[in-house]
Amino acid sequence: MVLDRGDGVAVWDTEGRAFTDFTMGWGSVLLGHAHPAVVEAARAQAGRGSNFAYVSAPALALAEAIARAMPCAERVRFCASGTEATAYAVRLARAFTRRPKVLKFEGAYHGANEVGTVSLFPRRLLEFPAGEPTSAGVNADAVADILVAPFNDLAAVTAILEAQRAQVAAVIVEPLHRCTPPRPGFLGGLRELTAELGILLLFDETVTGFRLAYGGAQEYYGVRPDVAALGKALGGGYPIGAVAGRADVLDLVREDRLGEAGYVWFASSLGGNPVSTAAGLAALGELRKPGTYERLFALGERLRGGLRDVLAAAGVTAQVQGDGPLAAVVFTDREVVDYRSAFRSDRAMARRFLLGLFRRGIFLNPMSTKLYLSLAHTEADLARFLDAAQATLREDCATTLPPA
Ligand SMILES: Cc1ncc(COP(=O)(O)O)c(C=O)c1O
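Just so it is clear, the model here is predicted, and its values are computed rather than measured. (Residues numbered from 1 in each chain as written. Predicted model: local features only at pLDDT ≥ 70, side-chain atom pairs only at ≥ 80, totals over all residues. Heavy atoms only, no water.)

Student: Describe in detail the site of the ligand, supporting the description with residues and values.
Tutor: Around the ligand sit Ser81, Gly82, Thr83, Tyr109, His110, Gly111, Glu174, Arg178, Asp204, Thr206, Val207 and Lys232, and that is every residue in its neighbourhood. Taking threonine 206, its side chain carries an N or O atom lying 3.3 Å from a nitrogen atom of the ligand. The side chain of lysine 232 places a nitrogen or oxygen atom 2.6 Å from an oxygen atom of the ligand. For the ligand, the protein covers 86% of the area, taking 390 Å² as the surface of the free molecule. Residue composition of the shell around the ligand, by class: two nonpolar, six polar and four charged. (Near = heavy atom within 4 Å. Polar contact = N/O pair within 3.5 Å; in protein donor to acceptor, adjacent residues only side chain to side chain. Areas by Shrake-Rupley, 256 points an atom, 1.4 Å probe, with all protein chains shown as cover. Nonpolar A, V, L, I, M, F, W, Y, C, P; charged D, E, K, R; others polar.)

Student: An account of the pattern of salt bridges is requested, with residue identities and associated values reported.
Tutor: Think of it this way: side chains of opposite charge can pair up when their charged atoms draw near. One pass over the structure, following the stated rule, counts 20 salt bridges. Of the charged contacts, one joins arginine 17 and glutamate 15 as a salt bridge, the two residues approaching to 3.8 Å between their closest N and O atoms. Its relative accessible area of 43% is what places arginine 17 among the partly exposed residues. Residue classification places glutamate 15 among the exposed positions, given a relative accessible area of 65%. Between arginine 224 and glutamate 74 there is a salt bridge, with the nearest N and O atoms lying 3.3 Å from each other. Separated by 150 residues along the polypeptide, arginine 224 in the loop between helix H9 (216–220) and strand S9 (227–230) and glutamate 74 in the loop between helix H3 (57–69) and strand S4 (75–79) bring together distant segments of the chain. One salt-bridge network, held together by shared partners, links Arg359, Arg360, Arg394, Glu395 and Asp396. (Salt bridge = Lys/Arg side-chain N within 4 Å of Asp/Glu carboxyl O. Buried < 20%, exposed > 50% of the residue type's maximum accessible area, 1.4 Å probe, protein only. Helix = DSSP H or I, 4+ residues; strand = E, 2+ residues; numbered from the N terminus.)

Student: Describe the packing of helix H2 (residues 36–46) against helix H11 (residues 274–287), listing the residues and the values that go with them.
Tutor: Their axes nearest at 8 Å, the elements H2 and H11 cross at an angle of 155°. On the basis of the axis angle, H2 is roughly antiparallel to H11. For the element pair H2 and H11, the recorded crossing hand is right-handed. Where H2 approaches H11, its residues Ala37, Val38, Ala41, Ala42, Gln45 and Ala46 are matched on the opposing element by Pro274, Val275, Ala278, Ala279, Ala282, Ala283 and Glu286. (Axes fitted to C-alpha atoms, helices over the stretch in contact; angles between N-to-C directions. Parallel < 35°, antiparallel > 145°, perpendicular 65-115°, else oblique. Left-handed = near helix turned anticlockwise from the far one by under 90°. Contact = heavy atoms within 4.5 Å.)

Student: Requested: an account of the sheet that holds strand S2 (residues 10–13), with residues and values cited.
Tutor: Here we have four strands laid out as an open sheet, ordered S1-S2-S3-S13, and mixed in their pairing. Each having just a single partner strand, strand S1 (3–7) and strand S13 (362–363) make up the two edges of the open sheet. For S2 and strand S3 (residues 18–21), the ladder comprises three bridges, and the chain directions are antiparallel. The partner of tryptophan 12 across the bridge, within S3, is alanine 18. (Pairing = 2+ DSSP bridges.)

Student: So what about unusual backbone geometry? Which residues, and what values?
Tutor: The step from phenylalanine 128 to proline 129 runs through a cis peptide bond, and the omega angle for that step is 5°. Residue position: proline 129 is located in the loop between helix H5 (114–117) and helix H6 (140–144). With phi around 55°, alanine 34 is a residue other than glycine that occupies positive phi space. Take alanine 34: it is sitting in the loop between helix H1 (24–27) and H2. Phi is positive for asparagine 152, close to 70°, though the residue is something other than glycine. You can see asparagine 152 is positioned in the loop between strand S6 (146–149) and helix H7 (154–164).

Student: Could you give an account of the sheet that holds strand S11 (residues 319–321), naming the residues involved and the relevant values?
Tutor: Spatial ordering of the open sheet is given by S11-S12-S14, a layout of three strands whose pairing is antiparallel. The open sheet terminates on both sides in strands that have one partner only, identified here as S11 and strand S14 (371–372). Note that strand S12 (residues 326–330) and S14 share two bridges and pair antiparallel. Within S14, the position partnered with alanine 327 by the bridge is leucine 371.

Student: Requested: an account of the pairing of strand S5 (residues 101–105), with residues and values cited.
Tutor: Within S5, five of the five residues are buried, leaving the element largely enclosed by the surrounding structure. In S5, alternate side chains face the same way, and those of Lys101, Leu103 and Phe105 on one face and Val102 and Lys104 on the other are all buried. Bridge analysis of S5 against S6 gives four bridges, and the strand direction is parallel. The residue bridging leucine 103 from the neighbouring strand is leucine 147, located in S6.

Student: Help me get a handle on the state of the cysteines, residues and values and all.
Tutor: Taken as a whole, this structure holds zero disulfides when the rule is applied. Cysteine 72 takes part in no disulfide bond, and the closest cysteine sulfur, belonging to cysteine 79, lies 14 Å away. With relative accessibility at 1%, the residue cysteine 72 sits in the buried group. For cysteine 79, a relative accessible area of 0% translates into the label buried. (Disulfide = S-S within 2.5 Å.)

Student: Quick rundown of the packing of aromatic side chains? Include the residues and the values.
Tutor: One pass over the structure, following the stated rule, counts 14 aromatic pairs. With a centroid separation of 5.3 Å and an interplanar angle of 75°, the aromatic rings of phenylalanine 210 and tyrosine 214 are classed as edge-to-face. Residue classification places phenylalanine 210 among the buried residues on the basis of a relative accessible area of 1%. Each residue in the set Phe19, Phe358 and Phe363 is aromatic and connected to the rest through ring pairs, giving one cluster. Directly above the aromatic system of tryptophan 12 lies the positively charged group of arginine 5, at a separation of 3.9 Å from the ring centroid. Against the face of phenylalanine 266 rests arginine 77, its NZ or CZ located 5.6 Å from the ring centre. (Phe/Tyr/Trp six-rings, centres within 6.5 Å; stacked < 30°, edge-to-face > 60°. Lys NZ or Arg CZ within 6 Å of the ring centre and 35° of its normal.)

Student: Break down the environment of glycine 32 for me, with residues and values.
Tutor: Note on placement: glycine 32 falls in the loop between H1 and H2. Among the residues examined, glycine 32 registers a relative accessible area of 5% and is labelled buried. Those residues in contact with glycine 32 that lie beyond four places of it in its chain are Gly8, Met24, Ser374 and Ala376.

Next up, the structure:
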């Protein structure tokens, strides 16, 4: 199957089949496909030059918008993807602290780089803080520099960091871990602990930025990281990434420091290009309109509530997770607070569920039960999704859970 075009929440393949999109470019298209304001901004800029590899007016305006939106953003530097942004955030932390290791949470995704792929989908469930690469080609010394901890377990993080404090540059966290919310006090606890130990706190806001609130997870949860990685929605569906954070950390990338001991190489031919940043500026302008987040949150509540109802009606035990315009279904009877509590979920059932939805006209990522809503979704789209979910559960998933 090959996709041909998208409009709002509809996508069509090259054979003319229509789908309702519930993945929205993995969350990069928060306004809906081909939103007129974004199309116009990108079209206008494309006619004036697509890339100068130099500061342009839309890039500067977008950096200023990020600085106004995000509490931690004293400085902003653009790259071209979330993967680059988290890699640079980690490099900056290592350079700033002159320490080699980084702590991440098991099951967290931070992009296709080393920190994103170590213990992304671990199978061996090693004793913490040992990590396990989910990708071939990740060298053992890269794995050894990544400490892995269970999300939502401040005591475990404290023990690991206190034992290795002189070695640890940063803690990197998805504040909403995939779709698992932080327990009350967890992010605040990370903030206090890292500050006390001289370790940087990095928020991967690639997903949460401009989505959980205009000011991202740092606004939503009221916890200010030292550095944040941004991407996805920031570009209005065009390629973008950004690192925002403390001036004393971000200033390590200033080119006039080349040759100094702490200088950090940070360069990207297309990072912050004028088309992506013009599209992003237009997208942020739409997101700032009154009612945006009320609408995104109401849609998310309705989707999660509707999913719980159809699961209950079908007699299928599952946890529906998420917050804001995000949802995920985990087929388990256990409360899901971290990777291991979801590990023994019924993944065969999840696969049947996703493929059943797909066959019934719902476009999603068949590898993941994570659903992304957009401002373009309507009640009618949610009803279509829930009807498809109901039919799938009845016709394709009608088996009981295997014993735990
Ligand atoms: C939390 C998080 N960080 C980073 C990334 C990587 O972003 P990109 O795909 O733009 O490289 C993703 C992508 O899904 C993500 O979900």
